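Summary of the model geometry
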Amino acid sequence: SQDNTSDIKKALACLLMGGSRKVLPDGVRLRGDVNVLLMGDPSTAKSQLLKFIERVAPIGVYTSGKGSSAAGLTASVVKDSKGEFYLEGGAMVLADGGVICIDEFDKMRENDRVAIHEAMEQQTISIAKAGITTVLNSRASVLAAANPIFGRYDDLKGIDENIDLMSTVLSRFDCIFIVRDVRDVERDKKIARHVLGVHINAAIEGNNHTPDIDAATLKKFVGFCRDRCAPRLSDEAAAMLSGQYVHIRSGVRQSLRERPNEAQVIPITVRQLEALVRISESLAKMRLSAEATPADVEEAIRLFKTSTLAASQSSPMLMGGAGASAEVKRAEEFLKRRMGIRMTVNAKRVLEEAQTQGYAVEAVQRAIAAMVMRSELLECNQRKILKRIR
(Lines give C-alpha, C1' and ligand atoms only; values in the text may rest on other atoms or scores of the structure.)
Protein backbone atom coordinates (compact mmCIF):
# COMPACT_ATOMS: atom_id res chain seq x y z
CA SER A 1 0.00 0.00 0.00
CA GLN A 2 1.29 3.45 -0.88
CA ASP A 3 -0.37 5.03 2.18
CA ASN A 4 1.62 3.29 4.93
CA THR A 5 1.20 5.99 7.60
CA SER A 6 -0.09 3.67 10.34
CA ASP A 7 2.79 1.22 9.79
CA ILE A 8 5.33 4.05 9.97
CA LYS A 9 3.86 5.24 13.28
CA LYS A 10 3.95 1.71 14.67
CA ALA A 11 7.59 1.31 13.61
CA LEU A 12 8.44 4.63 15.30
CA ALA A 13 6.74 3.40 18.49
CA CYS A 14 8.99 0.30 18.31
CA LEU A 15 12.00 2.59 17.82
CA LEU A 16 11.09 4.56 20.97
CA MET A 17 10.74 1.40 23.06
CA GLY A 18 13.73 -0.47 21.64
CA GLY A 19 14.59 -4.14 22.12
CA SER A 20 16.47 -5.74 25.01
CA ARG A 21 20.22 -5.18 25.21
CA LYS A 22 22.13 -8.43 25.72
CA VAL A 23 25.74 -9.21 26.67
CA LEU A 24 27.04 -12.63 25.61
CA PRO A 25 29.30 -14.73 27.91
CA ASP A 26 32.38 -13.73 25.88
CA GLY A 27 31.63 -10.05 26.49
CA VAL A 28 30.14 -9.28 23.05
CA ARG A 29 27.27 -6.83 23.32
CA LEU A 30 24.22 -7.24 21.05
CA ARG A 31 22.40 -4.15 19.82
CA GLY A 32 18.98 -3.56 21.33
CA ASP A 33 17.97 -0.32 19.60
CA VAL A 34 15.76 -0.17 16.51
CA ASN A 35 16.89 1.99 13.55
CA VAL A 36 14.35 3.38 11.04
CA LEU A 37 14.87 5.13 7.68
CA LEU A 38 12.13 7.21 6.02
CA MET A 39 12.91 7.65 2.31
CA GLY A 40 10.51 9.49 0.08
CA ASP A 41 8.92 12.50 -1.53
CA PRO A 42 9.20 16.00 -0.04
CA SER A 43 6.29 17.43 1.98
CA THR A 44 5.27 14.08 3.46
CA ALA A 45 5.82 15.16 7.12
CA LYS A 46 9.11 13.25 7.54
CA SER A 47 10.75 16.14 9.43
CA GLN A 48 7.65 16.57 11.63
CA LEU A 49 7.86 12.92 12.66
CA LEU A 50 11.56 13.37 13.52
CA LYS A 51 10.81 16.47 15.62
CA PHE A 52 8.03 14.66 17.52
CA ILE A 53 10.22 11.62 18.26
CA GLU A 54 12.92 13.97 19.54
CA ARG A 55 10.39 15.50 21.95
CA VAL A 56 9.02 12.24 23.40
CA ALA A 57 12.27 10.22 23.53
CA PRO A 58 13.91 9.99 26.98
CA ILE A 59 17.03 11.50 25.39
CA GLY A 60 16.54 13.11 22.00
CA VAL A 61 19.08 14.75 19.68
CA TYR A 62 18.07 16.32 16.35
CA THR A 63 20.58 17.13 13.62
CA SER A 64 20.64 17.78 9.89
CA GLY A 65 22.83 15.73 7.57
CA LYS A 66 23.89 18.75 5.53
CA GLY A 67 25.36 20.52 8.55
CA SER A 68 26.86 17.45 10.25
CA SER A 69 30.45 16.24 9.89
CA ALA A 70 31.93 12.91 10.96
CA ALA A 71 33.52 14.55 14.03
CA GLY A 72 30.27 16.33 14.91
CA LEU A 73 28.34 13.05 14.84
CA THR A 74 30.91 10.86 16.61
CA ALA A 75 33.60 12.65 18.67
CA SER A 76 36.33 15.22 18.19
CA VAL A 77 39.65 15.92 19.88
CA VAL A 78 39.99 19.55 21.00
CA LYS A 79 43.08 21.40 22.29
CA ASP A 80 42.45 23.66 25.29
CA SER A 81 44.22 26.92 26.20
CA LYS A 82 47.01 25.00 28.01
CA GLY A 83 47.78 22.94 24.92
CA GLU A 84 46.28 19.71 26.31
CA PHE A 85 44.00 17.54 24.21
CA TYR A 86 40.58 16.36 25.41
CA LEU A 87 37.63 14.52 23.88
CA GLU A 88 34.36 16.22 23.03
CA GLY A 89 31.40 13.91 22.32
CA GLY A 90 29.35 14.36 19.17
CA ALA A 91 25.63 13.97 18.55
CA MET A 92 25.62 10.15 18.71
CA VAL A 93 27.51 10.13 22.02
CA LEU A 94 25.14 12.74 23.47
CA ALA A 95 22.16 10.60 22.37
CA ASP A 96 23.43 7.57 24.34
CA GLY A 97 20.38 5.87 25.87
CA GLY A 98 17.94 7.68 23.59
CA VAL A 99 17.27 8.55 19.94
CA ILE A 100 19.24 10.55 17.39
CA CYS A 101 17.15 12.03 14.55
CA ILE A 102 19.13 12.80 11.37
CA ASP A 103 17.22 14.85 8.79
CA GLU A 104 18.44 15.21 5.18
CA PHE A 105 20.38 11.95 5.59
CA ASP A 106 21.05 11.79 1.84
CA LYS A 107 22.76 15.22 1.87
CA MET A 108 25.59 13.96 4.12
CA ARG A 109 28.99 13.46 2.54
CA GLU A 110 29.82 9.79 2.01
CA ASN A 111 32.87 9.96 4.33
CA ASP A 112 30.73 11.40 7.14
CA ARG A 113 28.03 8.76 6.64
CA VAL A 114 30.59 5.94 6.87
CA ALA A 115 31.70 7.30 10.27
CA ILE A 116 28.41 6.21 11.89
CA HIS A 117 28.56 2.59 10.66
CA GLU A 118 30.19 1.36 13.85
CA ALA A 119 27.81 3.38 16.04
CA MET A 120 24.73 1.96 14.27
CA GLU A 121 25.79 -1.70 14.56
CA GLN A 122 28.21 -2.04 17.50
CA GLN A 123 26.79 0.94 19.46
CA THR A 124 30.31 2.17 20.24
CA ILE A 125 32.60 4.81 18.76
CA SER A 126 36.31 4.02 18.65
CA ILE A 127 38.63 7.02 18.83
CA ALA A 128 42.37 7.07 18.06
CA LYS A 129 43.39 10.72 17.68
CA ALA A 130 46.20 12.90 19.04
CA GLY A 131 47.45 10.18 21.36
CA ILE A 132 43.96 9.51 22.78
CA THR A 133 42.72 5.94 22.27
CA THR A 134 39.34 5.08 23.76
CA VAL A 135 35.88 3.65 23.08
CA LEU A 136 32.73 5.71 23.72
CA ASN A 137 29.20 4.36 24.14
CA SER A 138 26.55 5.40 21.61
CA ARG A 139 23.62 3.12 22.50
CA ALA A 140 21.13 5.18 20.53
CA SER A 141 18.41 4.43 18.01
CA VAL A 142 18.87 6.17 14.66
CA LEU A 143 15.86 7.74 12.94
CA ALA A 144 16.87 9.12 9.54
CA ALA A 145 14.90 10.91 6.81
CA ALA A 146 16.09 11.21 3.22
CA ASN A 147 14.87 12.24 -0.23
CA PRO A 148 15.35 10.23 -3.46
CA ILE A 149 18.07 11.24 -5.94
CA PHE A 150 15.65 13.07 -8.23
CA GLY A 151 13.84 14.93 -5.43
CA ARG A 152 10.71 12.82 -6.00
CA TYR A 153 10.43 9.03 -6.16
CA ASP A 154 10.33 7.97 -9.82
CA ASP A 155 8.00 5.02 -10.49
CA LEU A 156 9.74 4.20 -13.75
CA LYS A 157 13.09 3.58 -12.05
CA GLY A 158 14.14 0.85 -9.64
CA ILE A 159 15.00 1.46 -5.99
CA ASP A 160 18.72 1.32 -6.83
CA GLU A 161 18.23 4.32 -9.16
CA ASN A 162 16.07 6.22 -6.65
CA ILE A 163 18.18 5.77 -3.49
CA ASP A 164 21.71 7.15 -3.37
CA LEU A 165 22.80 5.17 -0.29
CA MET A 166 25.23 2.27 -0.06
CA SER A 167 23.95 -1.18 0.91
CA THR A 168 26.38 -1.15 3.88
CA VAL A 169 24.38 1.62 5.57
CA LEU A 170 20.97 0.40 4.36
CA SER A 171 21.52 -3.04 5.92
CA ARG A 172 21.93 -1.39 9.35
CA PHE A 173 18.36 -0.06 9.33
CA ASP A 174 15.72 -2.39 10.79
CA CYS A 175 12.83 -0.74 8.91
CA ILE A 176 13.09 1.18 5.64
CA PHE A 177 9.91 2.90 4.48
CA ILE A 178 9.31 4.40 1.05
CA VAL A 179 7.06 7.41 1.79
CA ARG A 180 4.99 8.47 -1.23
CA ASP A 181 3.05 11.65 -1.90
CA VAL A 182 -0.12 9.98 -3.16
CA ARG A 183 -2.41 12.23 -5.18
CA ASP A 184 -5.84 11.25 -3.88
CA VAL A 185 -8.67 13.79 -3.76
CA GLU A 186 -10.24 12.56 -0.49
CA ARG A 187 -6.87 12.28 1.24
CA ASP A 188 -5.87 15.76 0.05
CA LYS A 189 -9.14 17.19 1.39
CA LYS A 190 -8.52 15.61 4.83
CA ILE A 191 -4.97 17.00 4.97
CA ALA A 192 -6.15 20.45 3.89
CA ARG A 193 -8.91 20.46 6.56
CA HIS A 194 -6.41 19.39 9.24
CA VAL A 195 -3.77 21.99 8.31
CA LEU A 196 -6.33 24.80 8.13
CA GLY A 197 -7.88 23.64 11.41
CA VAL A 198 -4.49 23.79 13.13
CA HIS A 199 -3.92 27.37 11.96
CA ILE A 200 -7.46 28.50 12.83
CA ASN A 201 -7.44 26.94 16.31
CA ALA A 202 -3.95 28.31 17.04
CA ALA A 203 -5.29 31.84 16.56
CA ILE A 204 -8.14 31.32 19.05
CA GLU A 205 -7.24 32.26 22.61
CA GLY A 206 -8.05 29.67 25.26
CA ASN A 207 -8.19 26.82 22.78
CA ASN A 208 -8.87 23.71 24.89
CA HIS A 209 -7.88 21.11 22.29
CA THR A 210 -5.55 18.60 23.96
CA PRO A 211 -4.20 15.28 22.61
CA ASP A 212 -5.22 11.94 24.15
CA ILE A 213 -1.72 11.58 25.66
CA ASP A 214 0.41 14.68 26.08
CA ALA A 215 4.11 14.57 25.16
CA ALA A 216 5.34 14.72 28.78
CA THR A 217 3.24 11.70 29.85
CA LEU A 218 4.28 9.73 26.75
CA LYS A 219 7.93 10.54 27.48
CA LYS A 220 7.58 9.19 31.04
CA PHE A 221 5.88 5.99 29.80
CA VAL A 222 8.60 5.36 27.18
CA GLY A 223 11.30 5.91 29.81
CA PHE A 224 9.53 3.52 32.23
CA CYS A 225 9.20 0.78 29.58
CA ARG A 226 12.86 1.09 28.54
CA ASP A 227 14.17 0.99 32.13
CA ARG A 228 11.90 -1.64 33.71
CA CYS A 229 11.07 -4.12 30.95
CA ALA A 230 13.46 -6.50 29.15
CA PRO A 231 11.35 -9.15 27.39
CA ARG A 232 12.73 -12.35 25.87
CA LEU A 233 11.42 -14.46 22.99
CA SER A 234 9.42 -17.51 23.97
CA ASP A 235 10.49 -20.87 22.48
CA GLU A 236 7.42 -20.94 20.23
CA ALA A 237 8.06 -17.38 19.01
CA ALA A 238 11.74 -18.17 18.33
CA ALA A 239 10.80 -21.24 16.26
CA MET A 240 8.30 -19.18 14.23
CA LEU A 241 10.89 -16.44 13.67
CA SER A 242 13.50 -18.95 12.47
CA GLY A 243 11.08 -20.51 9.98
CA GLN A 244 9.94 -17.15 8.62
CA TYR A 245 13.52 -15.92 8.17
CA VAL A 246 14.43 -19.02 6.14
CA HIS A 247 11.25 -18.54 4.06
CA ILE A 248 12.07 -14.87 3.34
CA ARG A 249 15.67 -15.73 2.35
CA SER A 250 14.50 -18.48 -0.01
CA GLY A 251 12.02 -16.04 -1.58
CA VAL A 252 14.82 -13.51 -2.18
CA ARG A 253 17.02 -16.23 -3.74
CA GLN A 254 14.17 -17.23 -6.05
CA SER A 255 13.63 -13.61 -7.20
CA LEU A 256 17.38 -13.28 -7.91
CA ARG A 257 17.25 -16.44 -10.06
CA GLU A 258 14.32 -15.03 -12.04
CA ARG A 259 15.98 -11.60 -12.44
CA PRO A 260 19.75 -12.25 -12.31
CA ASN A 261 20.67 -8.85 -13.77
CA GLU A 262 18.88 -6.92 -11.03
CA ALA A 263 21.10 -5.75 -8.16
CA GLN A 264 19.87 -6.34 -4.62
CA VAL A 265 20.06 -2.88 -3.07
CA ILE A 266 18.90 -3.88 0.42
CA PRO A 267 20.43 -7.28 1.22
CA ILE A 268 18.42 -9.62 3.47
CA THR A 269 21.02 -10.97 5.93
CA VAL A 270 21.34 -12.10 9.56
CA ARG A 271 21.09 -8.42 10.50
CA GLN A 272 17.46 -8.51 9.38
CA LEU A 273 16.83 -11.57 11.57
CA GLU A 274 18.20 -9.64 14.54
CA ALA A 275 16.00 -6.71 13.51
CA LEU A 276 12.92 -8.96 13.71
CA VAL A 277 13.98 -10.04 17.22
CA ARG A 278 14.33 -6.39 18.33
CA ILE A 279 10.97 -5.37 16.85
CA SER A 280 9.23 -8.37 18.48
CA GLU A 281 10.73 -7.44 21.87
CA SER A 282 9.77 -3.78 21.53
CA LEU A 283 6.16 -4.78 20.78
CA ALA A 284 6.17 -6.85 23.99
CA LYS A 285 7.64 -3.88 25.89
CA MET A 286 4.63 -1.73 24.99
CA ARG A 287 2.46 -4.18 26.96
CA LEU A 288 5.06 -4.36 29.77
CA SER A 289 5.25 -8.09 29.08
CA ALA A 290 8.25 -10.20 30.13
CA GLU A 291 7.89 -12.45 27.07
CA ALA A 292 7.56 -11.82 23.33
CA THR A 293 4.79 -14.07 22.01
CA PRO A 294 4.15 -15.53 18.51
CA ALA A 295 1.63 -12.69 18.00
CA ASP A 296 4.47 -10.17 18.49
CA VAL A 297 6.60 -12.08 15.99
CA GLU A 298 3.75 -12.11 13.45
CA GLU A 299 3.34 -8.33 13.76
CA ALA A 300 7.12 -7.80 13.53
CA ILE A 301 7.26 -9.88 10.33
CA ARG A 302 4.30 -7.95 8.88
CA LEU A 303 6.04 -4.63 9.64
CA PHE A 304 9.28 -5.92 8.10
CA LYS A 305 7.48 -7.08 4.94
CA THR A 306 5.62 -3.77 4.48
CA SER A 307 8.81 -1.75 5.01
CA THR A 308 12.26 -3.17 4.23
CA LEU A 309 11.16 -6.18 2.14
CA ALA A 310 8.66 -4.12 0.11
CA ALA A 311 11.34 -1.45 -0.46
CA SER A 312 13.96 -4.00 -1.55
CA GLN A 313 11.57 -5.53 -4.08
CA SER A 314 10.12 -2.29 -5.50
CA SER A 315 11.58 -2.13 -9.00
CA PRO A 316 10.22 -1.51 -12.49
CA MET A 317 7.93 -4.31 -13.56
CA LEU A 318 8.41 -6.61 -16.55
CA MET A 319 12.04 -7.29 -17.50
CA GLY A 320 13.48 -4.48 -15.39
CA GLY A 321 15.61 -1.56 -16.57
CA ALA A 322 15.37 -0.17 -20.09
CA GLY A 323 12.87 -2.75 -21.32
CA ALA A 324 10.37 -1.76 -18.66
CA SER A 325 10.78 1.96 -19.38
CA ALA A 326 10.27 1.43 -23.12
CA GLU A 327 7.10 -0.62 -22.47
CA VAL A 328 5.71 2.09 -20.18
CA LYS A 329 6.45 4.81 -22.77
CA ARG A 330 4.58 2.79 -25.42
CA ALA A 331 1.64 2.50 -23.00
CA GLU A 332 1.73 6.29 -22.45
CA GLU A 333 1.53 6.87 -26.22
CA PHE A 334 -1.49 4.53 -26.36
CA LEU A 335 -3.23 6.46 -23.54
CA LYS A 336 -2.60 9.80 -25.27
CA ARG A 337 -4.03 8.46 -28.55
CA ARG A 338 -7.01 6.95 -26.72
CA MET A 339 -7.87 10.05 -24.65
CA GLY A 340 -8.19 13.57 -25.99
CA ILE A 341 -7.66 16.67 -23.85
CA ARG A 342 -10.43 17.08 -21.20
CA MET A 343 -11.81 13.66 -22.12
CA THR A 344 -13.16 11.39 -19.35
CA VAL A 345 -13.03 7.57 -19.64
CA ASN A 346 -13.61 4.49 -17.51
CA ALA A 347 -10.24 3.21 -16.18
CA LYS A 348 -11.26 -0.45 -16.31
CA ARG A 349 -12.40 -0.15 -19.94
CA VAL A 350 -9.12 1.51 -20.97
CA LEU A 351 -7.13 -1.32 -19.35
CA GLU A 352 -9.22 -3.93 -21.18
CA GLU A 353 -8.73 -2.13 -24.52
CA ALA A 354 -4.98 -1.90 -23.92
CA GLN A 355 -4.80 -5.60 -23.12
CA THR A 356 -6.62 -6.55 -26.33
CA GLN A 357 -4.07 -4.47 -28.29
CA GLY A 358 -1.13 -6.34 -26.73
CA TYR A 359 -0.07 -3.97 -23.94
CA ALA A 360 0.83 -5.43 -20.54
CA VAL A 361 -1.61 -4.41 -17.79
CA GLU A 362 1.27 -3.53 -15.43
CA ALA A 363 2.81 -1.26 -18.08
CA VAL A 364 -0.47 0.62 -18.58
CA GLN A 365 -0.95 0.98 -14.80
CA ARG A 366 2.55 2.41 -14.42
CA ALA A 367 1.98 4.73 -17.39
CA ILE A 368 -1.21 6.02 -15.71
CA ALA A 369 0.68 6.55 -12.44
CA ALA A 370 3.46 8.45 -14.26
CA MET A 371 0.97 10.68 -16.10
CA VAL A 372 -0.91 11.38 -12.86
CA MET A 373 2.41 12.35 -11.23
CA ARG A 374 3.09 14.81 -14.09
CA SER A 375 -0.46 16.20 -13.74
CA GLU A 376 -1.39 15.03 -17.25
CA LEU A 377 -4.15 12.73 -15.94
CA LEU A 378 -6.58 13.04 -13.03
CA GLU A 379 -8.00 10.01 -11.21
CA CYS A 380 -11.57 10.51 -9.98
CA ASN A 381 -14.22 8.44 -8.17
CA GLN A 382 -11.75 6.22 -6.27
CA ARG A 383 -9.55 5.79 -9.37
CA LYS A 384 -12.41 4.38 -11.43
CA ILE A 385 -12.52 7.37 -13.81
CA LEU A 386 -9.60 8.92 -15.73
CA LYS A 387 -9.65 12.49 -17.03
CA ARG A 388 -7.02 13.84 -19.43
CA ILE A 389 -5.96 17.32 -18.27
CA ARG A 390 -3.21 18.17 -20.74
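Anyway, here's the lowdown on the structure attached to this text. (Residues numbered from 1 in each chain as written. Predicted model: local features only at pLDDT ≥ 70, side-chain atom pairs only at ≥ 80, totals over all residues. Heavy atoms only, no water.)

So, on to the overall build of the protein chain. Check the secondary structure of the protein chain and you find 16 helices and 16 strands. Out of the 390 residues in the protein chain, the part that is buried amounts to 43%. Intrachain contacts of the protein chain at a sequence separation of at least 6 include 73% that bridge at least 24 residues. (Helix = DSSP H or I, 4+ residues; strand = E, 2+ residues; numbered from the N terminus. Buried < 20%, exposed > 50% of the residue type's maximum accessible area, 1.4 Å probe, protein only. Contact = heavy atoms within 4.5 Å.)

What follows deals with the sheet that holds strand β14 (residues 344–346). Judged by pairing direction, the sheet is antiparallel, and its 3 strands sit side by side in the order β14-β16-β15 without closing on themselves. At either margin of the open sheet sits one strand with a lone partner, and together these are β14 and β15 (377–380). Averaged over all pairs of adjacent strands, the angle between their axes in this sheet comes to 25°, without regard to strand direction. Where β14 lies against strand β16 (residues 385–388), 3 bridges are found, and the strand directions are antiparallel. Across the sheet, residue Asn-346 finds its bridge partner in β16, namely Ile-385. Seen against the sheet, helix α15 (residues 347–356) touches β14 and β16 and runs at an angle of roughly 70° to β14. Across the sheet, helix α16 (residues 361–373) lies against β15 and β16, angled at about 105° from β15, the strand it touches most. (Pairing = 2+ DSSP bridges. Axes fitted to C-alpha atoms, helices over the stretch in contact; angles between N-to-C directions.)

So, about the pairing of β15. Where β15 and β16 come together, 4 bridges link them in antiparallel fashion. Opposite Leu-378, over in β16, you have Lys-387 as the bridge partner. The hairpin turn running from β15 into β16, its antiparallel successor, is 4 residues long, and Asn-381 in that turn takes a positive phi close to 50°.

All right, on to the packing of aromatic side chains then. Tallied over the entire structure, the rule returns 2 aromatic pairs. When the centroid spacing of 5.0 Å and the interplanar angle of 35° are considered together, the rings of Phe-334 and Tyr-359 count as tilted. Of this pair, Phe-334 sits in helix α14 (residues 322–338) while Tyr-359 sits in the loop between α15 and α16, placing them 25 residues apart in sequence. Across this residue pair, the class does not change: Phe-334 and Tyr-359 are buried. Over the ring of Tyr-62 we find Lys-51; its NZ or CZ atom is 4.0 Å from the centre of that ring. (Phe/Tyr/Trp six-rings, centres within 6.5 Å; stacked < 30°, edge-to-face > 60°. Lys NZ or Arg CZ within 6 Å of the ring centre and 35° of its normal.)

Time to look at the nonpolar core. Ranked by size, the top nonpolar core spans 31 residues in total, and within it Leu-37, Ile-100, Phe-105, Leu-165 and Phe-173 carry the most contacts. Here Leu-165 is in contact with Leu-37, Met-39, Phe-105, Arg-113 and Leu-170, once residues within four sequence places are set aside. (Core = buried A, V, L, I, M, F, W, Y, C linked by side-chain atoms within 4.5 Å.)

It is worth spelling out the environment of Tyr-86 at this point. Summarising the element assignment, Tyr-86 is placed in strand β6 (residues 85–89). Among the residues examined, Tyr-86 registers a relative accessible area of 35% and is labelled partly exposed. Sequence separation between Tyr-86 and Ala-130 is 44 residues; the distance between their C-alpha atoms is 9.2 Å. Once you skip the residues sitting within four places of it in the chain, Tyr-86 turns out to touch Ser-76, Val-77, Val-78, Lys-79, Asp-80 and Ile-132.

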